[in-house]
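Take a look at the letters that make up each chain.
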Amino acid sequence: MNWVIMLKRKISRDTVHEHLIQKIYEQEYVPGDRIIETQISKFLSISQGSVREALRELEQAGIVEYIPFKGVFLKKLNEDDLAIMYAIRAEIKGLAMSFPWTT
């Protein structure tokens, strides 16, 4: 495959990934919402393949889940997921506070 085409696909996939993360952060997608490839593809004027690749990345990260014959959904978090997230945030915050910041 031509490296220019590969680079365009990566940029497109990254664009979709950033768009979805932003929409999740802004709570335009809430847990349980279906994420429809064709809508995102049309909105961003990007191929459905790029949208699919970005959704696969989000699935691997545990942010969305693919349900066969139904689609891709924003994953609902359970108590264990939340506990892990808060533990990670606390660890990151602790590391950030111990970092010798300069002004």
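Up top is the structure.
Residues numbered from 1 in each chain as written. Predicted model: local features only at pLDDT ≥ 70, side-chain atom pairs only at ≥ 80, totals over all residues. Heavy atoms only, no water.

Caption draft 1: How the structure looks around the sheet that holds strand β1 (residues 34-35). Reading across the sheet, the three strands line up as β1-β3-β2 and stay open at both edges, with antiparallel pairing between neighbours. Both edges of this open sheet fall to β1 and β2 (64-67), since each of them pairs with a single strand only. Lying on the sheet, helix α3 (residues 48-60) is in contact with β1, β2 and β3 (71-74); it crosses β2 at an angle near 110°. (Pairing = 2+ DSSP bridges. Helix = DSSP H or I, 4+ residues; strand = E, 2+ residues; numbered from the N terminus. Contact = heavy atoms within 4.5 Å. Axes fitted to C-alpha atoms, helices over the stretch in contact; angles between N-to-C directions.)

Caption draft 2: Inspection of the layout of surface pockets at higher detail. The calculated volume of the largest pocket comes to roughly 590 Å³. What lines the largest pocket is a set of 15 residues, and nearest its centre among them are Ile-24, Ile-63, Leu-74, Leu-77 and Met-85. Looking at the lining of the largest pocket, the elements with two or more residues in it are α1 (3-25) and α4 (79-98). Top contributing element to the lining of the largest pocket by residue count: α1, with three residues. Classifying every residue of the lining of the largest pocket by side-chain character gives 11 nonpolar, two polar and two charged. Within this model, the second largest pocket holds a volume of roughly 170 Å³. Lining the second largest pocket we find 13 residues, and of these Glu-37, Arg-52, Leu-55, Tyr-66 and Val-72 sit closest to its centre. Of all elements in the fold, only β1, α2 (37-44), α3, β2 and β3 reach the threshold of two or more residues within the lining of the second largest pocket. The element best represented in the lining of the second largest pocket is α3, accounting for four residues. Partitioned by chemical class, the residues of the lining of the second largest pocket number six nonpolar, two polar and five charged. (1 Å grid on protein atoms, 1.4 Å probe; cavity = no way out; pocket = protein on both sides within 12 Å on 5 of 7 lines; lining within 4 Å. Points joined across faces, edges and corners; volume = space filled by probe spheres on them. Nonpolar A, V, L, I, M, F, W, Y, C, P; charged D, E, K, R; others polar.)

Function cannot be inferred from these measures alone, as they are strictly geometric.
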